[in-house]
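Each chain is listed here by its residues.
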Amino acid sequence: MWAMIVKEMRQVRRDRRTLAMMIVMPILLLVVFGYAARFDVSEIRVVPVGDAAAAGAANLPAPFTVLDATDDADPVDVLRRGDADVAVAVDGGQPVAWVDGSNLFTAQAATRSLSAIAAQGGPAIEIRTAFNPDLATSAVLVPGLGGLILIFVGSLVTSLGVVRERQAGTLEQLAVMPLRARDVFVGKVAPYFVVATVDLLVVLGIGVTLFDVPFAGDPWWLALGSLLFLFTALGIGVLISTVSANQGQAIQLALMTVLPQVLLSGLIFPLTSMAAGVRWIGYLLPLTWFNVVAKDVMLKDAPASALALPLGVLTVMSVVVSGLAVWRFNRDLRPAGPARTSDHDSAGRDPAPVAAT
Amino acid sequence: MTTLARLEAVTMDFGTTRAVDRVGLAVEAGEVVGLLGANGAGKTTCIRMLLGLLYPTAGTVHLLGAAPSRTTRRELGYVPQGLGLYEDLTAAENLAFQAAAFGIATPDVSADLPTDLADVADVVVSDLSLGVRRRLAFAAALGHRPRLLVLDEPTSGVGPLGRADLWDRIHEAVDAGAGALVSTHYMDEAEQCDRLVVLAAGRQVAAGTVADVVGDQQVVEVEPDHPAAALARLEDAGLVALPAGRRVRVVAATAERVREALPGAEPQMVPATLEEAFMAAVAGDRVGA
């Protein structure tokens, strides 16, 4: 037994990357997630609709932050655009607070705070919840879970598929076949693309039929967001595979990319509740933006103007990550050695060999 | 004759290690060229440079008349040491993929494949024996009728019968006009090659036909009373000795040196075999030359 322990210890010591993962990652995760794991809502944005509402909302205490009033006819449109967490209006002389139910914790905090104000002798405000009237958790989680599955299939499974090819020696065989690098790349990721798409449809279908998650918006917007997000996820998967020597390393790296997306994307903990020091990490994660698109489309039927930012960010991410993945994948399929910097020409020829010295 | 592949004074450095040092070789249509060398001699590195998987540090590589490229590799059949088969696909699926990649029709399993492979067409590769896998890799590499076959240790781990069968396939392809470059460290396989390039520690130490490589080299043969003890004494004397039944054969040595190591022995000079010539070449010495 002692021999076995010594052998294992030696192997662990030699595998520096795993060792670093085991020692550094828990500390890093604890610090980052310690600051991220907060359900407290520190700020609730309020937009009064009309002058009468503005006068009534002006004295709302913290955590409410009252923004400039708007002239919109429908307070729900204010929430639909994402301009506020709560839209206060006057309906038949009675103040009404419309709460955005798609942000579960913010909506719950707003409801609690408004009820407390009334209980303490403040103005009684009728509370109406938009988009998710019952404040159902499933309605908020299911759209993001679809994204989580996309990132799982796109990053983890794809990276394993490519690394397996390298470990088996078949990547070298592909390199000597008359295939272009992009043929290999597209052929490699296409099945995962299909599987992830089917997974997404199944998850959303079950969410809508079984858990009564609303689907209020245009499915084409969600399809566009999913496409961009999936390209990003597949690109991350291929990038992981290009820097992983084996499947174990690929799994470690994939988990390092998936875990932060679960915890820092706003899927579980509200982004606005996170400490500013870690919140910015959330804004760099593709799932954060997919989550916004999915919830905005499914729950809020958000207009194109509200979707422009998350879709724009996803577009930039998909282009950058896919581009990097293709570049790295190309490098894997190209000759290695001193003169590897040149490119194939349009006919697929490798650069001229090094002249004799 | 058409030159299908040519390495001209190629050198490959990995960091500070020189893996291949100014090696040259050519493969013509209709011939088998053997790349002979021990493990680590630089055979696979030469093959990888020829295929365009590695850029040489110096020297020139021509594959089918041009620099290695996607176009030239269209006419290449390659069987790597690891065989390059997908273990989770069936034999037929592997063949279909290779055929599609080379733009040819999917082979008809019953008509285009030897019976032994046709019988396992629907078996996943991981369930096949190594010998069958090698035959499958051969069939896949030959499917598009390549002009040049590059085979890296093609019979490694295969029994004598399987090796003979694989060499039959190589000769069939070459008789049909293809050229073949085969790396090996088996002497009996090297003797099946039309020409040899012998590598040792990355350097080309001999080249030519088997007869050229062996030449008029001789070894010293003795018949000691105790061969094991004699081998030990010869080794202690820094000589390369091989047992041959009750006899001991010493390469790259003179009769006088053997007599000094084994006082009382009656050394005789006899013609060297290919293996002994190979060992002599590796030792950098040519006895009797």
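In this report, the structure presented in the accompanying data block is examined. Note that the structure is predicted; figures quoted are calculated from it, not measured.

Conventions adopted
Position numbers for residues count from 1 along each chain, tracking the sequence in the order it is written. By the order in which they are written, chains take letters starting at A while ligands take numbers starting at 1. The predicted nature of this model means local features are confined to residues of pLDDT at least 70 and side-chain atom pairs, given and counted, to a pLDDT of 80 or more, with totals for whole chains, interfaces and linings taken over all residues. Values reported for side chains reflect all heavy atoms of the structure, with hydrogen atoms and water molecules removed beforehand. Labels follow the DSSP assignment, with helices taken as runs of H or I lasting at least four residues and strands as runs of E lasting at least two, numbered in each case from the N terminus. When accessible area is computed with a 1.4 Å probe and restricted to protein chains, residues below 20% of their type maximum are described as buried, those above 50% as exposed, and intermediate ones as partly exposed. Note on contacts: a residue pair qualifies if any of its non-hydrogen atoms lie within 4.5 Å across the two residues. A 1.4 Å probe that fits but cannot get out identifies a cavity on a 1 Å grid over protein atoms alone, an open set with protein on both sides within 12 Å along at least five of seven lines counts as a pocket, and a residue lines either if it has an atom within 4 Å of a point. Grid points are joined across faces, edges and corners, and a volume is the space filled by probe spheres set on the points. By the convention adopted, Pro, Cys, Tyr, Trp, Phe, Met, Ile, Leu, Val and Ala count as nonpolar, Lys, Arg, Asp and Glu as charged, and the other residues, Gly among them, as polar. Inter-axis angles, ranging from 0 to 180 degrees, are taken between N-to-C directions of lines fitted to C-alpha atoms, where helices are fitted over the stretch in contact. Any angle between 65 and 115 degrees counts as roughly perpendicular, while under 35 counts as roughly parallel, over 145 as roughly antiparallel, and the rest as oblique. Should the near helix be turned anticlockwise from the far one by less than a right angle, the crossing is left-handed, and should it be turned clockwise, the crossing is right-handed. Here, strands pair whenever DSSP counts at least two bridges between them. Call a crossover right-handed when, viewed with both strands pointing away from you, the route from the first strand across the helix to the second goes clockwise.

### Considering the environment of L19 of chain A
Residues and elements named next belong to chain A. Among the secondary structure elements, L19 is positioned in helix α2 (residues 16-36). Under the relative-accessibility criterion, L19 is labelled partly exposed at 25%. Once residues lying within four places of it in the same chain are set aside, the contact partners of L19 are V12 and R13.

### A look at empty space enclosed by the protein
Inspection of every chain in the model, using the stated rule, returns three cavities of 30 Å³ or more. Taken as a whole, the second largest cavity encloses approximately 50 Å³ of empty space. In this structure, the second largest cavity is lined by Q173, V176 and M177 of chain A together with L76, G77, Y78, Q98, F102, A141 and H144 of chain B. Here the element with the most residues in the lining of the second largest cavity is strand β5 (residues 76-79) of chain B; it accounts for three residues. Looking at the lining of the second largest cavity residue by residue, the classes come out as six nonpolar, four polar and no charged.

### Thoughts on the packing of helix α8 (residues 181-210) of chain A against helix α9 (residues 219-243) of chain A
Residue and element names in this part refer to chain A. Look at α8 against α9: their axes get within 10 Å of each other, and the N-to-C directions meet at 135°. Regarding the angle of α8 to α9, the classification is oblique. Crossing hand, α8 versus α9: right-handed. Contact residues: F185, V189, Y192, F193, A196, T197, L200 and L204 in α8; L222, S226, L227, L230, F231, L234 and V238 in α9. Taken together, the residues of the contact of α8 with α9 sort by class into 13 nonpolar, two polar and no charged.

### Considerations on the packing of helix α6 (residues 137-168) of chain A against α9 of chain A
Residues and elements named next belong to chain A. Direction vectors running N to C along α6 and α9 enclose 35°, while the axes themselves pass 7 Å from each other. Judged by the twist between their axes, the crossing of α6 over α9 is right-handed. Residues G147, L150, I151, G154, S155, T158, S159, V162, V163 and R166 of α6 touch α9, and the partners they reach there are S226, F229, L230, A233, L234, I236, G237, V238, I240, S241 and T242. Its residues assigned to classes, the contact of α6 with α9 comprises 11 nonpolar, nine polar and one charged.

### Observations regarding the pairing of strand β6 (residues 148-152) of chain B
Residues and elements named next belong to chain B. Counted residue by residue, β6 has five buried out of five residues, so it is predominantly covered. Of the two faces of β6, both are covered, the one formed by L148, V150 and D152 as well as the one formed by L149 and L151. Note that β5 and β6 share four bridges and pair parallel. The residue bridging L76 from the neighbouring strand is L148, located in β6. In this sheet, strand β7 (residues 179-184) lies alongside β6 in parallel orientation, the contact comprising five bridges. Bridged to L148 within β7 is G179. Note on the crossover from β6 through helix α7 (residues 160-175) to β7: the handedness is right-handed.

### A few points about the sheet that holds strand β1 (residues 44-48) of chain A
Residues and elements named next belong to chain A. The mixed open sheet is built from five strands, whose spatial order is β2-β1-β3-β4-β5. In this open sheet, the two edge strands, each paired with only one partner strand, are β2 (64-66) and β5 (126-130). Within the sheet, the average angular offset between the axes of one strand and its neighbour, ignoring direction, is 30°. Contacting β1, β2, β3 (86-91), β4 (94-100) and β5, helix α5 (residues 104-119) runs over the sheet at an angle of about 155° to β4.

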